[in-house]
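What follows is each chain in one-letter form.
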Amino acid sequence: MMKVSKSVRSAALIAATITVSAQMSTAKAGDSEGIVTVKSRYSISETVNRIKRSVAEKGITLFGVIDQAELGNAAGNKVRPSRLVMFGNPALGTTFITANPLAGLDWPVRVLVYQAKDGSVYAAYTDFDWIAKRHQIRSRNREFAMGSEVIQAVTGSVKE
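In this text, all values refer to a predicted model and were calculated from it rather than measured experimentally.

Topic: the side chain of Thr95
Part 1: Inspection of the secondary structure assignment puts Thr95 in helix α4 (residues 90-99).
Part 2: Judged by relative accessible area, which is 18%, Thr95 ranks as buried.
Part 3: From its side chain, Thr95 meets the backbone oxygen of Leu92 in a polar contact 2.5 Å long.
Part 4: With residues up to four places along the chain from it excluded, the contact list for Thr95 reads Arg140 and Glu143.

In structure tokens, the structure reads:
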């Protein structure tokens, strides 16, 4: 098994952050194609904790949480609270990659928990049907349906 250095892991986490941040940069609740946004009834911290708890209860691997606001603010940018939660089930998620290696851009699953200008907290993720269309994967319908059910259950734990 190949060991991955901290710098490679950091680069991968930064790349994932940039990808999701770029997708969310113009998104408002409910108006972006391929992005599902759920309004949370909790604070950023509690929303992240509930998502992590739901992931653990389902036996899903938590890959990490990136505090985007902390990183951005440390770099001199004014960033509202924003955390990227990354998780997945390798047995399920890698089936998408076996169908199309570019699907690795959308795996592991990422949920962006962020605070809007008005103070509302949201959990946003990429719709699994959109991922299937994006990567032209037609052979994994059952797996995409399962992924959709799981992400809905995970984000349902915070839904207002």
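There is more to say after this.
Describing empty space enclosed by the protein
It is the rolling of a water-molecule-sized probe over the atoms that shows where space remains empty.
Part 1: Taken as a whole and judged by the stated rule, the model has two cavities of 30 Å³ or more.
Part 2: Along its surface, the second largest cavity is lined by Phe96, Ala103, Asp106, Trp107, Val109, Phe128, Ile131 and Phe144.
Part 3: Among the residues making up the lining of the second largest cavity, the classes are represented as seven nonpolar, no polar and one charged.

So, the packing of aromatic side chains
Part 1: For the structure shown, the criterion picks out five aromatic pairs.
Part 2: The interplanar angle of 75 degrees and the centroid separation of 5.7 Å between the aromatic rings of Phe63 and Trp107 together place this pair among those described as edge-to-face. Of the two residues, Phe63 sits in strand β2 (residues 61-67) while Trp107 sits in the loop between α4 and β4 (109-115), which places them 44 residues apart along the sequence.
Part 3: With a centroid separation of 6.4 Å and 65 degrees between ring planes, the pair formed by Phe128 and Phe144 is classed as edge-to-face. One end of the pair, Phe128, is in helix α5 (residues 128-134); the other, Phe144, is in helix α6 (residues 141-156), with 16 residues separating them in the sequence.

Section: α6
Part 1: Spanning 16 residues, α6 covers 22 Å between terminal C-alpha atoms, matching the ideal 22 Å at 1.5 Å per step.
Part 2: Regarding α6, the residues found buried are Glu143, Phe144, Gly147, Ser148, Ile151, Val154 and Thr155. Around the axis of α6, the buried residues are gathered within 140 degrees of arc, so they sit on the same side. In α6, the exposed positions that point more than 90 degrees away from the buried face belong to Asn141, Arg142 and Glu149.

Some thoughts on the side chain of Thr155
Part 1: Residue position: Thr155 is located in helix α6.
Part 2: Of the residues examined, Thr155 reaches a relative accessible area of 3% and is grouped as buried.
Part 3: At a separation of 3.5 Å, a polar atom in the side chain of Thr155 contacts the main-chain carbonyl oxygen of Gln152.
Part 4: In this view, Thr155 contacts Val38, Val111, Ala123 and Tyr125; residues no more than four positions away in its chain are not counted.

Rules of the game
Residues numbered from 1 in each chain as written. Predicted model: local features only at pLDDT ≥ 70, side-chain atom pairs only at ≥ 80, totals over all residues. Heavy atoms only, no water. Helix = DSSP H or I, 4+ residues; strand = E, 2+ residues; numbered from the N terminus. Buried < 20%, exposed > 50% of the residue type's maximum accessible area, 1.4 Å probe, protein only. Polar contact = N/O pair within 3.5 Å; in protein donor to acceptor, adjacent residues only side chain to side chain. Contact = heavy atoms within 4.5 Å. 1 Å grid on protein atoms, 1.4 Å probe; cavity = no way out; pocket = protein on both sides within 12 Å on 5 of 7 lines; lining within 4 Å. Points joined across faces, edges and corners; volume = space filled by probe spheres on them. Nonpolar A, V, L, I, M, F, W, Y, C, P; charged D, E, K, R; others polar. Phe/Tyr/Trp six-rings, centres within 6.5 Å; stacked < 30°, edge-to-face > 60°. Expected span 1.5 Å × (residues − 1). Arc of directions from axis to C-beta.

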